[in-house]
Every structure is written in structure tokens, then in C-alpha cells.
Amino acid sequence: MVTGEPVPVEVGVGDDVVGATLNTNGSLVVEASAVGSDTMLAQVTELVEQAQGSKADVQRLADRVAGVFVPIVLVIALGTLLSWFLTGHSAQDAFTASVAVLIIACPCALGLATPMGIMVGTGRGAQMGVIIKGGEILEDTRAVDAIVLDKTGTITEGSMSVSGTTHAFGGSDPSRLLSLAAALEGHSEHPVAAAIARAAEPAGEVTGFENHPGIGVTGTIRTRGEPGSEEIRAGVGRRSLFSHVPEELEAAASQDESRGATVVFVGVEEGTGGLVALGAVAVSDTVKATSPAAVDAFHDQGLEVTMLTGDNRRAAESVGEAVGVDRGVAEVLPAAKAE
């Protein structure tokens, strides 16, 4: 939830975890080291509250003017009341004239409308996912010459999907390998598995499904809709799940990984020699179709565009090149992003 990595990160004993982050595999025993106002969510909430209570420069100016202006207006209103009395007008007319002075002279537009506008604007912004630090920040935007963008969910879609084609080895059919992978991954809750399951129609029914945390999944697939359907023992996962991964497949996978994609291998069991990898599927967080144009628009305004992300360096470089940012900084935690 915090680091911006679309691919789950393995944690072990002693590692920090953030509340509201999803645990995809296994079980965790955690110690609450921060509760209530000390949690990260509470800090974000406090930031919004501080923004709503902040004063813009024009409001501070209005407050200073009001400190002098209001007493003067009160004196003028009192003088109006007395002068109307002394010139023979009725008490009602004198009071009406005095109140008219107060109403017309009251600096409501600056004293009330400005803080109300800031409160409504920052609140509406928070509902839309935009956190505005304060009214003075809104005023300062006219002097901005650089902009910093987060990667996951801002420049990218924030969800995994199969990118490119499935690499196949030894004459295997890429689409069939993807269908085998989809059949197995349909039984897993892992985000990478969900992306593969959405990418193709499953090859058949799965029995004997096994999840190997941090490594992959295996199972027996009974193919369907074909004469002479068969049962295939298959697996999808990391290199360590397979007894053999061809060098050509390794090279293709390394190329995909160099551009920041997550690669999972697909293979079948051959005899008693274990699982043999026959293909590889690249999965990544795809760039939004509108992101390159948005970055170009910032450049047209003379802004320097920097991308910050908690994701790994290779993924950051790939996305940065795709959209044309001026600078990309990877593996940055939220506090370090502010620094």
C-alpha cells in the first residue's frame, strides 16, 4: 500500500509491515509498533486536516487588514447612528443607516470565502485522491518549475497484466502454454497469477493443485474440448520450481526482467525427471495510455518532470523511458520521497 510495488514483497522475521497492506500468502504474527495517531494512515489524515486549517497569503493579509479595518468600520457605523439622530431622523432610520454601513463595509469576501474555499477544495481533492498540503501551496503553484510524479497508479495502471508475448521453447505453442498457465493460476490469489488467469482461457480442469509459497504452483490439468484429451502435470513459477530451464528461455526471460517485468516460467513434468520449463510469461504494471501525453504537456509548460517510486530500479527505468520523464528515482520510501 505504501511502497508502490505492484508485485508482492516477501517478508521475514523482524521485517516491518504496514497496516492495511494485503497479505497474499501464508500467515503473519505481527507486533503493533504504532497505533492510533502514530499509524501511517493517521499521519496522512492529519496532513489533510492541517491543509484545511492552513491560511493562504491572501487570507493572512485579510486578517491583518481586518485587525485595523473592523474597528474603523465600527466607529464609522456609530458615527452614522449619532449623526442621523442629531440631524432629526427617527431612531429606526438612524439604526438602518448604521447597519447598512456595517453590511456594506464587512470584508466577508476575504474573511469568510477564502477559508471556506480552501476547506471545500482540499476536502474535495482528498476524495479524488489529491492531497493538497495547504492554501499557500495552491498560491505557490504559479511559481512551480518542476513536478514530481509517483509511478504506480499514477503513471502506470497500478495492476499487473501480461505484457508482450509468451516465450516458448522446443516447438511448444505459446498460446497453449499460456492456457496451461491460466488454468493453474486461476486457483491462486497472487496478483501475478490473477494477471495470467485473465490473459487466456484455461486449458482445462485442475486437480491436485499445490501452492508453493514464494516459488510457484503445480497441478494436474485435464484438457477439455479436444479428442483424446489428456492429463498433464504442469507448473508455473520461479526458476527454482523447475528441474531444468533451457538457456534460450533463460536469455529471453532475462531480457524481459531487464525492462522491469516479472517473469514466471511454465512447464510440464517429463517422466520422473521433474518439471521442465517450456515457456516464460512476462507480467508487468502497464503504463497508462494517457501518461506519455501528460508528461509531454508538463514539458510544454516548461516543467522538469521527476518520477519517484518505491518499486525496483529496473521497473522504474523502463517506465521512465516509456513516458519520457527527465529523471527517475527508484526504491524510495514515502518519508524519503519528501526529502
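Quick look at the structure, then. No experiment lies behind these values; they were computed from the predicted model shown.

Time to look at the packing of aromatic side chains. Inspection of every chain in the model, using the stated rule, returns one aromatic pair. With 6.4 Å between their ring centres and 70° between their planes, phenylalanine 242 and phenylalanine 265 make a pair best called edge-to-face. Linking phenylalanine 242 in the loop between β6 (231–237) and α9 (247–258) with phenylalanine 265 in strand β7 (residues 262–269), this pair joins segments that are 23 residues apart in sequence. On the basis of relative accessible area, phenylalanine 265 is assigned to the buried category, the value being 0%.

One pass over the structure, following the stated rule, counts six salt bridges. For glutamate 10, the salt bridge goes to arginine 238, with nearest N and O atoms at 3.3 Å. With glutamate 10 in the segment before α1 (40–53) and arginine 238 in the loop between β6 and α9, this pair connects stretches of sequence that are 228 residues apart. With relative accessibility at 47%, the residue arginine 238 sits in the partly exposed group.

Attention shifts here to helix α11 (residues 313–323). Within α11, burial applies to Ala315, Ala316, Val319, Gly320 and Val323. Around the axis of α11, the buried residues are gathered within 130° of arc, so they sit on the same side. In this fold, the buried residues of α11 make contact with α6 (151–155), β2 (156–162), β8 (275–287), α10 (291–300) and β9 (304–308). Within two residues after α11, glycine 324 carries a phi angle of roughly 85°, on the positive side.

Thresholds applied
Residues numbered from 1 in each chain as written. Predicted model: local features only at pLDDT ≥ 70, side-chain atom pairs only at ≥ 80, totals over all residues. Heavy atoms only, no water. Phe/Tyr/Trp six-rings, centres within 6.5 Å; stacked < 30°, edge-to-face > 60°. Helix = DSSP H or I, 4+ residues; strand = E, 2+ residues; numbered from the N terminus. Buried < 20%, exposed > 50% of the residue type's maximum accessible area, 1.4 Å probe, protein only. Salt bridge = Lys/Arg side-chain N within 4 Å of Asp/Glu carboxyl O. Arc of directions from axis to C-beta. Contact = heavy atoms within 4.5 Å.

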